[in-house]
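Coordinates in review
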Amino acid sequence: MTMTIHVDIVSAEASIYSGLAEMVYAPGEMGELGIAPRHAPLVTRLKPGEIRVDTGKEELDFFISGGILEVQPHVVTVLADTAIRADDLDEAKALEAKKRAEDALADKASDIDFAKAQAELAEAAAQLQAISRLRKAR
Amino acid sequence: MAVGKEIKTKIASVQSTQKITRAMEMVAASKMRKTQERVMAARPYAKKMSQVIRHLAQASSEYKHAYLSERDVKRVGVILISSDRGLCGGLNSNLFRKFVGQLKEWTDAGTEVAMASIGSKGEGFLGRLGGEVLGSVTHLGETPSIEDLIGVVKTMLTEYDEGKIDRFYIAHNDYVNTMTQSPEVVQLLPVYTAELEEELTHHWDYIYEPDAKDVLDQLLIRYIESLVYQGVLENNACEQAARMVAMKSASDNAGELIDELQLIYNKARQASITQELSEIVAGAAAV
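Bringing the overall build of chain A into the picture now. Scanning chain A from N- to C-terminus turns up two helices and seven strands. Going residue by residue from the N terminus, the α and β elements of chain A occur as β-β-β-β-β-β-β-α-α. Among the 138 residues that make up chain A, the fraction classed as buried is 38%. Relative to all contacts within chain A whose residues are 6 or more apart in sequence, the contacts with residues 24 or more apart total 44%. As displayed, chain A offers around 7900 Å² of accessible surface, 55% of which is attributable to carbon and sulfur atoms.

Dropping the structure here:
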């Protein structure tokens, strides 16, 4: 009987694959990796590419757009990114978020207006109370 | 019959409102199940990640990452996660109340606050509140993807990297069950080291490629993103649950209202019949 290693491929949005394999091939940042059972503990970043899982009977392919690979003697965990990532891309997204916020608040005061916020909340609470009182009165 | 025509139309209008609220209730119920499944699906990732971080934090003790160490708190960052749409009962107001309370605590202690929002209700609220807003994202829909959140999280992480904020929180609704959603303000950075320094049974170290620092950097960023993503998913599940409950009570109230109006209508009808009868009787007696 051949030795097997447990493989978990998860992304933030879903669990993609979980099962046993005889061999796993992954696109490590420093080069392609082949992981057999009882591999030494290893952590590496992954490049976009294909992860191949050889279960002995068949070979499964998963495309990932990067992520992190963790290897322990009997478990391989792939923490896959779902989005295509690059530093400048992240930066662009951050700027976009910032711009949105600025647009939304173009002409607002800079001090936190507790009094106003609390007044608003109190008003909402009073409305709710009034509604429930009206309902009881009927 | 002219009697109670207004009441009739009133009943019809309440009935059509009830139809709408009932439909919304059922839609929310089915969406709630889906959002719950999504919360469950996202859990293994964060769990695996915290395991690896725990190992790494222990293994490479000579390298202390900024995300793992406490520093003096002069300014904090917080992302307010809210729903995009209303009609979900007191869900958002409860969260905002909790958020304002926390905000007051911070400012009273002399800590500055930088804010960002996810969801249009929160964006509107922060706009009315004033203060410093660093980023915002809205309309994530029912299937939010982590890609949409990168921007907002990145602005906060950059602030943290540059030492402009010393702690990073998210405020969101925590899904307890269908009837209960509790607003929470949770600290993400620095990562709770108490949680991480749990004793391992045996000591070993990884081989790092390219090196521990790079891997830990990326891992921690992904970890924070996944926690924010979880917060968004939880908040989504809460939104659907709260909407379902709110719409159910609206339908029930509409039902009561219809019953009452029906009673008034019947009484008016009877009164008019009685009056007509007595007029006829009086007329016959006179002849």
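Now that the structure is up, let's keep going.
A count of helices and strands for chain B gives six helices and six strands. Counted from the first residue to the last, chain B has its helices and strands arranged as α-β-α-β-α-β-α-β-β-α-β-α. On C-alpha atoms alone, chain B measures out to a radius of gyration of 28 Å, which is more than a quarter above the 19 Å that the 2.2 N^0.38 rule sets for 287 residues. When the backbone C-alpha atoms are referred to their principal axes, chain B occupies close to 115 × 40 × 30 Å. For chain B, buried positions account for 49% of its 287 residues. Long-range pairs, those at least 24 residues apart, make up 78% of the contacts in chain B between residues at least 6 apart in sequence. Accessible surface, chain B: about 13700 Å² in total, of which carbon and sulfur atoms supply 54%. Side chains of chain B give 32 positive and 39 negative charges; the mean places of these two sets differ by 8 Å.

One pass over the full model with this rule turns up 19 salt bridges over all chains. Two residues, aspartate 214 of chain B and arginine 45 of chain A, come together in a salt bridge whose shortest N-O distance is 3.8 Å. Linking aspartate 214 of chain B in helix H6 (residues 212–286) with arginine 45 of chain A in strand S5 (residues 42–54), this pair reaches from one chain into another. Note on aspartate 214 of chain B: relative accessible area 23%, which makes it partly exposed. For lysine 164 of chain B, the salt bridge is made with glutamate 159 of chain B, and the minimal N-O distance between the two is 4.0 Å. By relative accessible area, lysine 164 of chain B is classed as partly exposed at 42%. Looking at glutamate 159 of chain B, the relative accessible area reads 9%, which means it is buried.

Looking now at the environment of isoleucine 150 of chain B. Considering the arrangement of structural elements, one finds isoleucine 150 of chain B in helix H4 (residues 146–161). Placed 32 residues apart in sequence, isoleucine 150 of chain B and isoleucine 118 of chain B show a C-alpha to C-alpha distance of 11 Å.

Moving on: a nonpolar patch on the surface. Nonpolar side chains collect at one region of the surface, where Ile273, Leu277 and Ile280 of chain B lie side by side and expose about 290 Å² of accessible area between them. Locating leucine 277 of chain B in the fold gives a position in helix H6.

In this section: the packing of H4 of chain B against H6 of chain B. All names here are of chain B. Relative to each other, H4 and H6 sit at 120 degrees, their axes nearing to 10 Å. Considered as vectors, H4 and H6 are oriented oblique to each other. Here H4 runs over H6; the crossing is right-handed. Each of Ile146, Leu149, Ile150, Val153 and Leu157 in H4 lies in contact with H6, whose residues at this interface are Ile221, Ile224, Glu225, Ser226, Val228, Tyr229 and Val232. Of the residues in the contact of H4 with H6, the class split is 10 nonpolar, one polar and one charged.

With that settled, the discussion passes to the interface of chain B and chain A. The interface is formed by 53 residues belonging to chain B together with 52 residues belonging to chain A. Contact between chain B and chain A buries roughly 4700 Å² in total, counting both sides, with carbon and sulfur atoms accounting for 63%. By the criterion of area lost to chain A, the three top residues of chain B are Tyr45, Lys48 and Glu209 of chain B, representing 13% of everything that side buries. Scanning the region where chain B abuts chain A turns up three salt bridges.

Relative to the helices and strands, threonine 77 of chain A is located in strand S7 (residues 75–80). With residues up to four places along the chain from it excluded, the contact list for threonine 77 of chain A reads Asp8, Ile68, Leu69 and Glu70 of chain A together with Lys48 of chain B.

Turning our eyes to something else, we now look at the pairing of strand S1 (residues 75–81) of chain B. Remember that side chains alternate between the two faces of the sheet whenever the strand is regular. Residues and elements named next belong to chain B. Judged by how many residues are buried, S1 sits mostly within the fold: seven of seven residues are covered. Burial along S1 is two-sided: Arg75, Gly77, Ile79 and Ile81 and Val76, Val78 and Leu80, pointing in opposite directions, are all buried. Bridge count between S1 and strand S2 (residues 112–118): seven bridges; the pairing is parallel. Each residue of the ladder has a partner; that of valine 76, found in S2, is valine 113. Between the parallel pair S1 and S2, the chain is carried across by helix H2 (residues 91–108), and the sense of this crossover is right-handed. In this structure, S1 lies alongside strand S4 (residues 167–175), joined through five bridges in parallel fashion. If you follow leucine 80 over to S4, its bridge partner there is alanine 171.

Geometrically, a packed helix pair is captured by the angle between its two axes and the distance between the axes. All names here are of chain B. Taken N-terminus to C-terminus, the directions of H2 and helix H3 (residues 120–129) make an angle of 40 degrees; their axes are 11 Å apart at the nearest point. Taken together, H2 and H3 sit at an angle that is classed as oblique. Seen from above, H2 lies across H3 with right-handed handedness. Taking contact as the criterion, the partners of Asn92, Phe96, Phe99, Val100 and Leu103 in H2 are, on H3, Lys121, Gly122, Phe125, Leu126 and Leu129.

Residues and elements named next belong to chain B. Tracing the sequence through the fold places alanine 57 in helix H1 (residues 5–59). By relative accessible area, which is 29% here, alanine 57 ends up partly exposed. Separated by 91 residues in the primary sequence, alanine 57 and aspartate 148 place their C-alpha atoms 29 Å from one another.

Conventions we followed
- Residues numbered from 1 in each chain as written.
- Chains lettered and ligands numbered in written order.
- Predicted model: local features only at pLDDT ≥ 70, side-chain atom pairs only at ≥ 80, totals over all residues.
- Heavy atoms only, no water.
- Helix = DSSP H or I, 4+ residues; strand = E, 2+ residues; numbered from the N terminus.
- Buried < 20%, exposed > 50% of the residue type's maximum accessible area, 1.4 Å probe, protein only.
- Contact = heavy atoms within 4.5 Å.
- Areas by Shrake-Rupley, 256 points an atom, 1.4 Å probe, with all protein chains shown as cover.
- Rg over C-alpha atoms; globule rule 2.2 N^0.38 Å.
- Lys, Arg positive; Asp, Glu negative; His and termini not counted.
- Charge placed at Lys NZ, Arg CZ, Asp CG, Glu CD.
- Salt bridge = Lys/Arg side-chain N within 4 Å of Asp/Glu carboxyl O.
- Patch = residues over 30% accessible without salt bridge, like charges linked within 9 Å, V, L, I, M, F, W, Y side chains within 5 Å.
- Axes fitted to C-alpha atoms, helices over the stretch in contact; angles between N-to-C directions.
- Parallel < 35°, antiparallel > 145°, perpendicular 65-115°, else oblique.
- Left-handed = near helix turned anticlockwise from the far one by under 90°.
- Nonpolar A, V, L, I, M, F, W, Y, C, P; charged D, E, K, R; others polar.
- Buried area = accessible area lost by both parts, 1.4 Å probe.
- Pairing = 2+ DSSP bridges.
- Right-handed = clockwise from strand over helix to strand, strands pointing away.

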